[in-house]
Amino acid sequence: MKKFATLCFIFSLLTGCASTQMSLYDELGGKDTVAQIVDNFIHEIEYNKTMFTYFAESDIERFREKLNEHLCLLANGPCTYTGDTMEQVHAGMNISESDFNLGVDLFIAAMTKANVPHTVQNKLLAKMVPTRKEIIYL
Ligand code: HEM
């Protein structure tokens, strides 16, 4: 057992495997950075006429809380998502493809303003984009 542990230790030193165990949530900077991204994103929405129209009747504090949880879940962080499914939330909004893309653009701006490196941004976007089919034209 001791021999195995020693081998693991040497292997992790050689391969840098300790760093590969980081979750995307850790890479993003954890709770504080995700909260910063969400705050920035809400700010972007407020200043974008097209996006703001969708949110005009929304409870922004609920959105803030649920989006923090959802992003944490997408990034394999230690959170439980307590919001509704993507289909339930976006049903009836009839979000077009271009408005979805606009949302993604604003989200990228929010990550950039939170100083998230582009390589890490791309990893989160790769997790978000597949949710597209649960969001548009519903
Ligand atoms: C990958 C893209 C997206 C993700 C991951 C996402 C995620 C979420 C989450 C987690 C919530 C809160 C759920 C809850 O309250 O239970 C939410 C709410 C909402 N989303 Fe999205 N969303 C996305 C794209 C969009 C886009 C493109 C629009 C509009 C163009 C949009 C409009 C809204 C609105 C208006 C609400 C608030 C609904 C309400 O007040 O009940 N979302 N979204």
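Going by the annotation in an unreviewed UniProt entry, the name recorded for the protein is Globin, with Paraglaciecola hydrolytica given as the source organism.

Q: Let's hear about the coordination of the iron atom of the ligand: which residues, and what values?
A: Looking at the protein side alone, the iron atom of the ligand has one donor only, His90 (NE2), at 2.1 Å. The topology assignment puts His90 in helix H7 (residues 86-90).

Q: Quick rundown of the UniProt feature "binding site: heme" (unreviewed entry) in the protein? Include the residues and the values.
A: Under the local residue numbering, the UniProt record ascribes the feature "binding site: heme" (unreviewed entry) to His90. With residues near it in sequence (within four places) discarded, His90 still touches Ile95, Ile135 and Leu138.

Q: Let's hear about the site of the ligand: which residues, and what values?
A: Close to the ligand lie 22 residues, the nearest being Ser58, Arg62, Asp84, Val89 and His90. The backbone of Asp84 places a nitrogen or oxygen atom 2.9 Å from an oxygen atom of the ligand. At 2.9 Å, a side-chain N or O of His90 approaches a nitrogen atom of the ligand. The cavity that encloses the ligand is the largest pocket. Elements represented by at least two residues in the shell around the ligand include exactly helix H5 (49-55), helix H6 (60-74), H7 and helix H8 (97-113). Among the elements that line the shell around the ligand, the one with the most residues is H6, at five residues.

Q: So what's going on with the layout of surface pockets? Residues and values would help.
A: For the largest pocket, the calculated volume is near 800 Å³. Residue assignment for the lining of the largest pocket shows that the elements contributing at least two residues are H5, H6, H7, H8 and helix H9 (118-128). Of the residues forming the lining of the largest pocket, the biggest block, seven residues, is contributed by H6. In terms of residue class, the lining of the largest pocket is made up of 20 nonpolar, six polar and five charged.

Q: I'd like to hear about unusual backbone geometry, residue by residue, with values.
A: If you check the backbone angles, Asn76 has positive phi at about 55° while not being a glycine. Its location among the elements puts Asn76 in the loop between H6 and H7. The exposed category is assigned to Asn76, whose relative accessible area is 52%. The backbone of Tyr137 shows a phi angle near 50°, a positive value even though the residue is not glycine.

Q: I'd like a description of the pattern of salt bridges, backed by residues and values.
A: Scanning the entire structure with this criterion turns up seven salt bridges. As a salt-bridge pair, Glu27 and Lys123 come within 2.9 Å of each other at their nearest N and O atoms. With a gap of 96 residues between them, Glu27 in helix H3 (residues 24-28) and Lys123 in helix H9 connect regions that are remote in the sequence. Accessibility expressed as a relative area gives 28% for Glu27, which makes it partly exposed. Assessed through its relative accessible area of 39%, Lys123 is described here as partly exposed. Look at the salt bridges and you will find they share partners, linking Asp39, Glu61 and Arg64 into a network.

Q: A description of the environment of Thr33 should follow, citing residues and the corresponding values.
A: Looking at the element boundaries, Thr33 is found in helix H4 (residues 30-46). Thr33 sits 81 residues away from Ala114 along the chain, and the two C-alpha atoms are 6.7 Å apart. Filtering out sequence-adjacent residues up to four positions away, Thr33 remains in contact with Leu28, Ala114 and Val116.

Scoring rules and cut-offs
Residues numbered from 1 in each chain as written. Predicted model: local features only at pLDDT ≥ 70, side-chain atom pairs only at ≥ 80, totals over all residues. Heavy atoms only, no water. Donors = N, O, S within 2.8 Å, 3.2 Å for Na, K, Ca; no water. Helix = DSSP H or I, 4+ residues; strand = E, 2+ residues; numbered from the N terminus. UniProt positions renumbered as here; feature names shortened; annotations may be inferred. Contact = heavy atoms within 4.5 Å. Near = heavy atom within 4 Å. Polar contact = N/O pair within 3.5 Å; in protein donor to acceptor, adjacent residues only side chain to side chain. 1 Å grid on protein atoms, 1.4 Å probe; cavity = no way out; pocket = protein on both sides within 12 Å on 5 of 7 lines; lining within 4 Å. Sits in = over half its atoms within 2 Å of the grid points. Points joined across faces, edges and corners; volume = space filled by probe spheres on them. Nonpolar A, V, L, I, M, F, W, Y, C, P; charged D, E, K, R; others polar. Buried < 20%, exposed > 50% of the residue type's maximum accessible area, 1.4 Å probe, protein only. Salt bridge = Lys/Arg side-chain N within 4 Å of Asp/Glu carboxyl O.

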